[in-house]
Amino acid sequence: MRARRTVAALFLTASLALAGCSGIDSASSGDDKAGGIAKPAAQDAGAGAGYESDRQSSGAEQTKPKDPVALAPTHIIRTAELAVEVEDAPKALAAARGTTASAGGHVSNESTERIDDTHVASRVVLRVPQEKYDAVLAELAGAGKLLSRKADAKDVTDQVVDVESRIATQRASVARVRALMDRAEKLSDVVTLEGQLSSRQAQLESLLAQHAALKDRTTLATITLVLSEKEDKGQKEKDDDPSFLDALGGGWDALVATGRWIAVAVGAVAPFAAVLGVLYALWRWVLRPRLARRPVAEPAVAAPAPAAGAGPGPGQD
């Protein structure tokens, strides 16, 4: 009995030991399997998170606004012509000068003409900065009754860029010629290079003058303003109605004009009349008396022929 119990105890202990080992192995294998599955899942999750972050960063870069591209400045020549009817032309002209001076411009040309004893007309050319062009134009047009308005804008950006490029090229050419002159040793080379330098310097100065003219025309706009005063309709109608004195004056002017034309006609005919008078006088008092006093020659009478058988007459054989 004791031996059976001992064997049974040993068998039970061995069975428990084997069960414990198998449980540990299965647990460890389960942990390994769970870890193996969890690791790729974590890697996939990390990769997915990285992809999402990359996509978000790329999307942020795409949606991020780009820096604006700097555009080349434009060069425009602006001109305008205004005709305005005002109550007082000298006063309106002074106001136009003040407006131009306030805008930073100047008066380029001005002329004033008196139409009659009561009316004056003025024409002035104003130069104003481009940024004040619209404001000055609106203020001048509102000075009175606008009769006409004409505005023009011409883009000369290509021309300005071309001139600036040619200036840079010409300056480089002048610099090269001067460098060659500094290294020249022969007198003939120096003379030739001086001629080249003078020619290229003249071309450079011409280009600089063109650039300055374009800069002036594109920096300052030109406004031509014509100011005229309103005519009095009553006075004009009164002047249009003729009176006795007007008719008398018109008749006298017609008479004087007629006498003047008659005098002109007489003056034109006088040389011909004088020549004809001289010719008539010569014929009347010189040629005609001589023709009247000239004797008329009598016709010669032929002698009668002697009769047949008659002897010769006296003095005849």
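Shown above is the structure to which this text applies.
Owing to the predicted nature of the structure, the values given are computational and were not obtained by experimental measurement. (Residues numbered from 1 in each chain as written. Predicted model: local features only at pLDDT ≥ 70, side-chain atom pairs only at ≥ 80, totals over all residues. Heavy atoms only, no water.)

Draft legend 1. Structural view of a nonpolar patch on the surface. Among the surface-exposed residues, Val275, Leu276, Val278, Leu279, Tyr280, Leu282, Trp283, Trp285, Val286 and Leu287 lie close enough to one another that they form a single nonpolar patch of about 1100 Å² accessible area. Note on placement: Val278 falls in helix α7 (residues 244–293). (Patch = residues over 30% accessible without salt bridge, like charges linked within 9 Å, V, L, I, M, F, W, Y side chains within 5 Å. Areas by Shrake-Rupley, 256 points an atom, 1.4 Å probe, with all protein chains shown as cover. Salt bridge = Lys/Arg side-chain N within 4 Å of Asp/Glu carboxyl O. Helix = DSSP H or I, 4+ residues; strand = E, 2+ residues; numbered from the N terminus.)

Draft legend 2. View of the pairing of strand β3 (residues 120–129). Of all 10 residues in β3, nine are buried; the element is thus mostly enclosed. As defined by bridge partners, strand β2 (residues 106–114) adjoins β3 across eight bridges and the pair is classed as antiparallel. Bridge assignment links His106 to a residue of β3, and that residue is Arg127. Here β2 folds back onto β3 in antiparallel fashion, the turn holding five residues. Two strands pair when backbone bridges link them, and β3 and strand β5 (residues 220–229) are joined in this way by nine bridges, in the antiparallel orientation. When the bridges of β5 are listed, Val124 appears paired with Leu225. (Buried < 20%, exposed > 50% of the residue type's maximum accessible area, 1.4 Å probe, protein only. Pairing = 2+ DSSP bridges.)

Draft legend 3. How the structure looks around the packing of helix α4 (residues 157–183) against helix α5 (residues 187–219). Taken N-terminus to C-terminus, the directions of α4 and α5 make an angle of 155°; their axes are 9 Å apart at the nearest point. Here α4 lies roughly antiparallel to α5, going by the angle between them. In this structure, α4 crosses over α5, and the sense of that crossing is left-handed. Taken together, the residues of the contact of α4 with α5 break down into 13 nonpolar, eight polar and six charged. (Axes fitted to C-alpha atoms, helices over the stretch in contact; angles between N-to-C directions. Parallel < 35°, antiparallel > 145°, perpendicular 65-115°, else oblique. Left-handed = near helix turned anticlockwise from the far one by under 90°. Nonpolar A, V, L, I, M, F, W, Y, C, P; charged D, E, K, R; others polar.)

Draft legend 4. Expanded view of the side chain of Thr224. Note that Thr224 resides in strand β5. Given a relative accessible area of 13%, Thr224 falls into the buried group. Setting aside residues no more than four positions away along its own chain, Thr224 makes contact with Ala80, Glu81, Leu82, Arg123, Val124 and Val125. (Contact = heavy atoms within 4.5 Å.)

Draft legend 5. How the structure looks around α7. Between its first and last C-alpha atoms α7 spans 68 Å; for 50 residues at 1.5 Å apiece the expected length is 74 Å, and the two agree. The largest bend along α7 measures about 40° and falls at Ala270, with the proline Pro271 one to four residues further on. (Expected span 1.5 Å × (residues − 1). Bend = angle between axes of the 7 residues up to and from the residue.)

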